[in-house]
Amino acid sequence: MAQTLATDLAPVERWRVAGGDIKQRLESWSEILAATHLAFEVHATDRTPADFRGSVTRRPVGDLMLVDCAASPFLGHRSRAVMSPEAKHEQILGFQLVCRGIETVREGARGLSLTPGNVVLWDGQQPTDVEIVEAFHKRTLLFPRDRVLAVCPRLAELRALPPLDDNGPARLLVRYMNALALEQPKLEAAAGFAAANAALELLRAAVEPSVPTTRAAAREAMRAEIRRYVRNHLQDPELGPASIARAYSISVRALHALFEDVDASVAGLVRSERLARCLEDLQRPNGGSVTDIAFRWGFCDAAHFSRVFKRAFGLTPSDVRHGARRGEMPNHAGAA
């Protein structure tokens, strides 16, 4: 059963197994896991109590999910048969901290025995067997798989995810994840997405040094690095192909060649990132005037900004600004 605790900022959802015999309780737990994590076949073991208990608390942080899960001993089996490649909510990578109890995991060729304090990264696209040996509590940050691969594309080439033991950035992400659990109810939407981006950067720092490089992965890693550079320099009105090429000591021609096999050009990347930041500020009642916002994010001509903004979102900046001041959030199309 799920219960949503509504707030003006971000919802907190709770599920728990309640009532019934052991068969009904395990069926309920299987449904909860499918709704909040991944689809599993759930079975009893000789350690599973007749009054099996399980609960999940889920908190959105931008486009991530912070999930607390606690349960009595059970056996979970995730085979290809129960996996749903079309299910978007299963296209995830999980950064998991064991807070209490003992869990054994077999994911592909990797076998793990997890105890309190252990951290592991798992892939929702891998068949997995888990056994809860001792009643446990774990906290997991669920990342959209495509978001992780966008900043660390070499992960897609691995048969087994890298270990995170004795990993400084992973320990930082654990502390950050625990802080998010406390602060999430107070985060507005824009702050939630900023927090999600920070978590993604910590995850990248934790896993990237352990991943081998191929030429194709190196090119994608370079593009990911350039995207980060663009996001960090949007306020520079000179930001563009020439300045980016200088920053990476490559020619403008080589920079364009790096992006020739992806959808967005370098100039298009700069424009779309600037427009996204402008949209965020326009939707804030205290974000400033349209001209202030345009100049803040590197647009030097307010009229040009209005034209490209309307082409991208179907509304003028003034429409969005006036709606925000009236407490309205107008519908808009995604950026082209």
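The structure reproduced in this document is the subject of the present report. Quantities reported herein were computed from a predicted structural model and do not represent experimental measurements. (Residues numbered from 1 in each chain as written. Predicted model: local features only at pLDDT ≥ 70, side-chain atom pairs only at ≥ 80, totals over all residues. Heavy atoms only, no water.)

In this model, Ser249 sits at a positive phi of 55°, which is unusual for a non-glycine residue. Inspection of the secondary structure assignment puts Ser249 in the loop between helix H6 (241-247) and helix H7 (252-258). For Ser249, a relative accessible area of 68% translates into the label exposed. (Helix = DSSP H or I, 4+ residues; strand = E, 2+ residues; numbered from the N terminus. Buried < 20%, exposed > 50% of the residue type's maximum accessible area, 1.4 Å probe, protein only.)

This paragraph deals with the side chain of Gln184. Inspection of the secondary structure puts Gln184 in the loop between helix H3 (168-183) and helix H4 (189-207). By relative accessible area, Gln184 is classed as buried at 0%. Separated by 3.1 Å, the side chain of Gln184 and the backbone oxygen of Pro60 make a polar contact. (Polar contact = N/O pair within 3.5 Å; in protein donor to acceptor, adjacent residues only side chain to side chain.)

Another aspect to go through is the packing of aromatic side chains. A complete count under the given rule lists seven aromatic pairs for this structure. Summarising the aromatic geometry, the rings of Phe52 and Phe74 are spaced 6.1 Å apart at their centres and angled 90° between planes, so their arrangement reads as edge-to-face. Residue Phe52 is found in the loop between strand S3 (41-43) and strand S4 (54-61), and its partner Phe74 is found in the loop between strand S5 (64-71) and strand S6 (75-78); the two are separated by 22 residues along the sequence. We note that Phe52, like Phe74, is buried. With 5.6 Å between their ring centres and 75° between their planes, Tyr229 and Tyr248 make a pair best called edge-to-face. With Tyr229 in helix H5 (residues 215-232) and Tyr248 in the loop between H6 and H7, this residue pair connects regions lying 19 residues apart in the sequence. Judged by its relative accessible area of 19%, Tyr229 is buried. Feature note: the residues Phe299, Phe305, Phe309 and Phe313 constitute an aromatic cluster, connected by ring pairs. (Phe/Tyr/Trp six-rings, centres within 6.5 Å; stacked < 30°, edge-to-face > 60°.)

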